[in-house]
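# Residue-level structure breakdown
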2 protein chains.
Amino acid sequence: MESAHSEPLERKRGRPTEAGRIERQEQILDAALSNFLEYGFGNATVDRIAADARVTKRTIYSYFGNKDGVFTEMQRRLADTVSGDTQNPDTLESLAARIVFGLHSAQMIGLHRLVIAESLRFPDLARTLHDNGDMRHVARLAEHIDAERGWGATDRAETLYALLLGEDYRRRLLGLIEPITADAAAGHAYSALKHLGLTDVQVR
Amino acid sequence: MESAHSEPLERKRGRPTEAGRIERQEQILDAALSNFLEYGFGNATVDRIAADARVTKRTIYSYFGNKDGVFTEMQRRLADTVSGDTQNPDTLESLAARIVFGLHSAQMIGLHRLVIAESLRFPDLARTLHDNGDMRHVARLAEHIDAERGWGATDRAETLYALLLGEDYRRRLLGLIEPITADAAAGHAYSALKHLGLTDVQVR
DNA sequence: AATTAATGATACGACGCCGTATCATTCTAT
DNA sequence: ATAGAATGATACGGCGTCGTATCATTAATT
């Protein structure tokens, strides 16, 4: 998770240009995300985030008020990120494979770990992730099932989603296995579809 | 999660009896479990654990060395607790219902949250929970499937387990819903069995 | 050009929590 | 019975981290 940046970059002092401010915001939030994903909220330090973002703590507090503020703003932007990938004229099978692959990525696993761990302190984050992540996945699965089968789409989509997660996803959450390959994700997705009788072999 | 104990209990000073020592051990580990489940490892304080256990910090450090030692010993005992419920001459359907109900309990959800959050710091805990919890569940499901169907038991058992968890379990982990009733658990279990063609209605 | 705003570098105060020390007290061991 | 071991009550040192303050520096503003 540790991106070996070229540390010796020093930034100019003094008041920055407007572009400089925007750049600082982005770098702070990027560093915050990566730090929160790796260490969780409690164990991530503002000093480290500042160092990674090539910014002093003063700037962070000037921009976001406090540590919670950084987290909250980062969470706000995640809603857009997680729900991305809006265009998707795929088949059900390739959609399922892509969902599996994405869920097993280091980014998503780290995010889910973080959200689960901090669900009591930041309940809104859990809601955000669920609505814009999981539920959107289910909805898109339902669209495809509806288009290809046209019956019982919603219920079957949620069932399918549960299978797409599966025990391997759980093992990944627990840190017991490494991320899977795209091929393995496709294989798992196909197996899940088969279990539910949703393979491309038409029913009748 | 806060059990409103009767606080004014004061314990005698001085060297305790042997039974007293055993009692202290239990109370410390009980308090540790409840605190770690509620706050996570980082946010749980030894002072609070000591207060809950009616013991001074000195005793805790005398018994377990440090905070990590308390956690490790608690984890060791969890292996036995999680794998409990060994006798189980149930039907597949009632077994599935009991698994669902158990997984949604506050204890199990808190434990899984803790394990996922601390999977990097305490990887052994994740392995323990998975082997003695999930895998044992899958194995028992496989036994029943094997007995009732006698074909493809292991693969189907893991698939079934994924469905038994399902999106509701995920919502529970995220703190989005409350624990379900035993009836709801049974309904969910039956639905999962039906999706996989494993209901009591014999296939042929 | 002069003034104001924002930043970097650095130090530091405040706070929380881990772990230890001290003294009185009670049980165990011999 | 006497000495030693373990505990409660309490205080406190040490450390890490959050958040703020100071001064020099640079850009925006007027």
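Our subject is the structure that appears above.
Described below are features of the structure shown in this document. (Residues numbered from 1 in each chain as written. Chains lettered and ligands numbered in written order. Predicted model: local features only at pLDDT ≥ 70, side-chain atom pairs only at ≥ 80, totals over all residues. Heavy atoms only, no water.)

## Structural notes on the environment of A:Met108
Residue and element names in this part refer to chain A. Tracing the backbone shows Met-108 in helix 6 (residues 106-117). As a C-alpha pair, Met-108 and Leu-37 span 71 residues in sequence and 9.1 Å in three-dimensional space. What Met-108 contacts, discounting residues up to four positions off in sequence, is Val-82, Gly-102 and Leu-103. (Helix = DSSP H or I, 4+ residues; strand = E, 2+ residues; numbered from the N terminus. Contact = heavy atoms within 4.5 Å.)

## Here we look at the relation of the copies chain B and chain A
Rotating chain B by 180° and translating it 0.0 Å along the rotation axis places it on chain A, where the RMSD comes to 0.0 Å. Such a turn and shift between the copies fits a two-fold axis. For chain B, the minimum C-alpha distance to the rotation axis belongs to B:Ala117 and amounts to 2.6 Å. The residues that chain B uses at the interface reappear at the interface of chain A in 100% of cases, marking a shared surface. (Least-squares fit on C-alpha atoms with pLDDT ≥ 70 in both.)

## Side note on the interface of chain B and chain A
Each side of the interface is counted separately: chain B has 32 residues, and chain A has 32 residues. By the criterion of area lost to chain A, the three top residues of chain B are B:Ile116, B:Arg170 and B:Leu174, representing 22% of everything that side buries. For B:Arg170, the salt bridge goes to A:Asp134, with nearest N and O atoms at 2.9 Å. Here chain B is connected to chain A by 17 residue pairs in polar contact (both at pLDDT 80 or more). Mapped onto the side of chain B that touches chain A, the elements with two or more residues apiece are helix 1 (18-43), helix 6 (106-117), helix 7 (123-148) and helix 8 (153-173) of chain B. Per element, the largest residue contribution to the side of chain B that touches chain A is 13 residues, and it comes from helix 8 of chain B. Partitioned by chemical class, the residues of the side of chain B that touches chain A number 15 nonpolar, seven polar and 10 charged. (Buried area = accessible area lost by both parts, 1.4 Å probe. Salt bridge = Lys/Arg side-chain N within 4 Å of Asp/Glu carboxyl O. Polar contact = N/O pair within 3.5 Å; in protein donor to acceptor, adjacent residues only side chain to side chain. Nonpolar A, V, L, I, M, F, W, Y, C, P; charged D, E, K, R; others polar.)

## Looking at the protein's contact with DNA strand D
Taken together, 30 residues surround DNA strand D, and among them A:Arg15, A:Lys57, A:Arg58, B:Thr59 and B:Tyr63 come closest. The sugar-phosphate share of atoms of DNA strand D within 4 Å of the protein amounts to 69%. A distance of 3.1 Å separates a sugar or linking oxygen of DNA strand D from a polar atom in the side chain of B:Arg13. (Near = heavy atom within 4 Å.)

## A look at empty space enclosed by the protein
A water-sized probe, rolled over the atoms, reveals where empty space remains. A complete count under the given rule lists five cavities of 30 Å³ or more for this structure. In this model, the largest cavity occupies a volume close to 170 Å³. Taken together, 13 residues make up the lining of the largest cavity; nearest its centre are A:Leu165, A:Tyr169, B:Leu165, B:Tyr169 and B:Arg170. When contributions to the lining of the largest cavity are tallied by element, the ones reaching two or more residues are helix 8 (153-173) of chain A together with helix 8 of chain B. Across the lining of the largest cavity, the residue classes break down as nine nonpolar, two polar and two charged. Counted as a void, the second largest cavity has a volume near 40 Å³. Along the walls of the second largest cavity sit A:Phe36, A:Val46, A:Ile49, A:Ile60, A:Asn66, A:Lys67 and A:Val70, which together make up its complete lining. Looking at the lining of the second largest cavity, the elements that each hand over two or more residues are helix 2 (46-52) and helix 4 (67-82) of chain A. Counted by class, the lining of the second largest cavity contains five nonpolar, one polar and one charged residues. (1 Å grid on protein atoms, 1.4 Å probe; cavity = no way out; pocket = protein on both sides within 12 Å on 5 of 7 lines; lining within 4 Å. Points joined across faces, edges and corners; volume = space filled by probe spheres on them.)

## Digging into the packing of aromatic side chains
All names here are of chain B. Counted according to the given criterion, the structure contains 12 aromatic pairs over all chains. Between Phe-41 and Phe-71, the ring centres sit 5.2 Å apart and the planes meet at 90°, which makes this aromatic pair edge-to-face. With Phe-41 in helix 1 and Phe-71 in helix 4 (residues 67-82), the pair connects residues that are 30 residues apart, well separated along the chain. Residue classification places Phe-71 among the buried positions, given a relative accessible area of 0%. Measuring from ring centre to ring centre gives 6.1 Å for Tyr-63 and Phe-64, while their planes differ by 65°; the resulting arrangement is edge-to-face. Residue Tyr-63 is classed as buried on the basis of its relative accessible area, which comes to 18%. Classification of Phe-64 by relative accessible area gives buried; the value is 12%. (Phe/Tyr/Trp six-rings, centres within 6.5 Å; stacked < 30°, edge-to-face > 60°. Buried < 20%, exposed > 50% of the residue type's maximum accessible area, 1.4 Å probe, protein only.)

On their own, these measurements won't tell you what the molecule is for.
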